[in-house]
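Single-letter residue listing:
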Amino acid sequence: MSLIDQARSAQRAAYAPYSNYKVGCALETVDGSVYTGCNIENASYGATLCAERVAVFKAVSDGHRHFRRIVVATDATSPATPCGLCRQVLGEFCEADFEVILCGANEQQRRFILADLFPHPFNQSSLT
Ligand code: THU
């Protein structure tokens, strides 16, 4: 199954009763493994997790820390870019050339590299 198909499949598991905005993603590690994620909302709203962070945390908890690209699938007319929190989390583990592929309705696509979406990160070197 392609990364796009895996993201679309993960989207079907999205738990989004509050926003009804369902997101699925597929994150590829440098060794070719794939971790999927979906958004998981909560009645408190603040405890909601985005699909991208679910995928990153699943992968990291399995011992993966280096990623090549992510496909994020929604039904939005114009595919939306990842939120600021997810950019921060992706920035922790992904090189600047990490690819972000966004799929919206009608399989409309947008592609970015992380460095363009998140140009001045707060990261480990900020702490020195
Ligand atoms: N959401 C994601 O899963 N990923 C994004 O990149 C943006 C937003 C989720 C969070 C919430 O469940 C819903 O979309 C609306 O914000």
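On a predicted model such as this, the values are computed, not experimentally measured, just so you know.

The rules behind the values
Residues numbered from 1 in each chain as written. Predicted model: local features only at pLDDT ≥ 70, side-chain atom pairs only at ≥ 80, totals over all residues. Heavy atoms only, no water. Patch = residues over 30% accessible without salt bridge, like charges linked within 9 Å, V, L, I, M, F, W, Y side chains within 5 Å. Areas by Shrake-Rupley, 256 points an atom, 1.4 Å probe, with all protein chains shown as cover. Salt bridge = Lys/Arg side-chain N within 4 Å of Asp/Glu carboxyl O. Helix = DSSP H or I, 4+ residues; strand = E, 2+ residues; numbered from the N terminus. Buried < 20%, exposed > 50% of the residue type's maximum accessible area, 1.4 Å probe, protein only. Arc of directions from axis to C-beta. Contact = heavy atoms within 4.5 Å.

Visitor: In this structure, what is going on with a nonpolar patch on the surface? I would like to understand it.
Guide: Where nonpolar side chains cluster on the molecular surface, the patch consists of Tyr15, Tyr18, Ile40 and Tyr45 and spans about 440 Å² of accessible area. In this structure, isoleucine 40 sits in the loop between strand E2 (34-38) and helix H2 (51-61).

Visitor: Where do I start with helix H1 (residues 3-11) in this structure?
Guide: Along an α-helix, residues three or four positions apart point the same way, because every turn accommodates 3.6 residues. All of the buried residues in H1 are Leu3, Ala7, Arg8, Ala10 and Gln11. In a view along the axis of H1, the buried residues occupy a sector of 160°, so they form one face of it. Residues of H1 that are buried sit in contact with strand E1 (24-29), E2, strand E3 (67-73) and strand E4 (94-103).

Visitor: Got a minute to help me understand the pattern of salt bridges in this structure?
Guide: Side chains that differ in charge, positive against negative, can pair when their charged atoms come close. Evaluation of the coordinates by the stated rule reveals four salt bridges. Across the salt bridge formed by aspartate 75 and arginine 8, the nearest N and O atoms sit 3.6 Å from each other. Linking aspartate 75 in the loop between E3 and helix H3 (84-93) with arginine 8 in helix H1, this pair joins segments that are 67 residues apart in sequence. Looking at aspartate 75, the relative accessible area reads 56%, which means it is exposed. According to the relative accessible area criterion, arginine 8 is buried, its value standing at 14%. Across the pair arginine 111 and glutamate 99 runs a salt bridge, and its minimum N-O distance is 2.8 Å. Taken together, the residues arginine 111 in strand E5 (residues 109-113) and glutamate 99 in strand E4 connect sequence positions twelve residues apart. Glutamate 99 gets classed as partly exposed once you look at its relative accessible area, which sits at 24%. Among the ionic contacts, a cluster of salt bridges with common partners joins Glu28, Arg68 and Arg69.

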